[in-house]
Amino acid sequence: MGLAKRIIPCLDVKNGETVKGVNFVGLRSAGDPVELGKAYSDAGADELVFLDITASFEGRKTFTEMVTKVARQLSIPFTVGGGINELADVERMLYAGADKVSINSAALRRPQLIEEVATRFGSQVCVVAIDTRNDADCIPADAPTRSLWHCYLKGGRERTERGLFEWAHEAQERGAGEILFTSMDHDGVKTGYANEALARLADDLSIPIIASGGAGRMEHFRDAFTLGHADAALAASVFHFGEIAIPDLKQYLKNEGINVRL
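Residues numbered from 1 in each chain as written. Predicted model: local features only at pLDDT ≥ 70, side-chain atom pairs only at ≥ 80, totals over all residues. Heavy atoms only, no water.

Visitor: Residues and numbers for the packing of helix 6 (residues 112–121) against helix 7 (residues 164–174), please.
Guide: Their axes nearest at 8 Å, the elements helix 6 and helix 7 cross at an angle of 35°. Where helix 6 crosses over helix 7, the two elements pack in a sense that is right-handed. Note on element contacts: helix 7 touches helix 6 through W167, A171 and R174, opposite Q112, I114, E115 and A118. (Axes fitted to C-alpha atoms, helices over the stretch in contact; angles between N-to-C directions. Helix = DSSP H or I, 4+ residues; strand = E, 2+ residues; numbered from the N terminus. Left-handed = near helix turned anticlockwise from the far one by under 90°. Contact = heavy atoms within 4.5 Å.)

The structure is reproduced here in structure tokens:
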């Protein structure tokens, strides 16, 4: 059956509290990250992701103390991202209790950072997060397909000319251990993941792909694995606001023939 598919709750943290919005805007409070982290670990989540979502935009470092508090409550792998720009930041997060780091804006600005992290700490520590949007509406009709999905910096605030697929391939070549692919168009909308782009990524690359953006029903997780060929599915609001319980989701996926850890 291959490796078990992973279910990953995501804590988007701003000013010390978990928040969630739609299309990266309209944030509302979703609770205390320490309490949520413990609850998800106890409920059978396979991993937890903690993203300080305004760190890159505000030019500051991720809250180390908060990371430590969350890590102490977990018995599952823990990925931390936000404001990680150099090896010293990675070392600080690992010392605080993270198992992996997620880098996004800093890697786009200086791709060599991926190689530095992978060489120093191992590829398994380096998750390259890609926030991307399908900008078909602002691209000429005769433009190549690969240019439609653009990568964004600073928590989705600043568009780059880097294309999703070529950037993901470069990240893999430079030593990334995983790709965290977030479709900004699907974020918080709850209509399903961007399965076509997801499948293309998964089929093009040899490293695991984490799907993010769009979960609203249990079927959406199933589709991310079956149609999108994802290795893991990340979600936030459906877990934070009690719409889907992780044990129920895993049982549903198992009943659908998907290999998950119960």
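The discussion continues.
Visitor: Please set out the packing of aromatic side chains residue by residue, giving values where relevant.
Guide: Summed over all chains, the structure comprises five aromatic pairs. Judged by centre distance (6.3 Å) and plane angle (85°), the rings of F50 and F78 are edge-to-face. Of this pair, F50 sits in strand 4 (residues 48–52) while F78 sits in strand 5 (residues 78–81), and the two are 28 residues apart along the sequence. The class of F50 is buried, set by a relative accessible area of 1%. Residue placement shows R133 over the ring face of Y152; its charged tip is 5.5 Å from the ring centre. Sitting above the plane of the F165 ring, R200 keeps its charged end 3.9 Å from the centroid. (Phe/Tyr/Trp six-rings, centres within 6.5 Å; stacked < 30°, edge-to-face > 60°. Buried < 20%, exposed > 50% of the residue type's maximum accessible area, 1.4 Å probe, protein only. Lys NZ or Arg CZ within 6 Å of the ring centre and 35° of its normal.)

Visitor: Quick rundown of the pairing of strand 1 (residues 6–14)? Include the residues and the values.
Guide: Judged by how many residues are buried, strand 1 sits mostly within the fold: eight of nine residues are covered. The pairing of strand 1 with strand 12 (residues 232–235) spans four bridges and is classified as parallel. Opposite P9, over in strand 12, you have A235 as the bridge partner. Where strand 1 and strand 4 come together, four bridges link them in parallel fashion. Bridge pairing in strand 4 links L11 to F50. (Pairing = 2+ DSSP bridges.)

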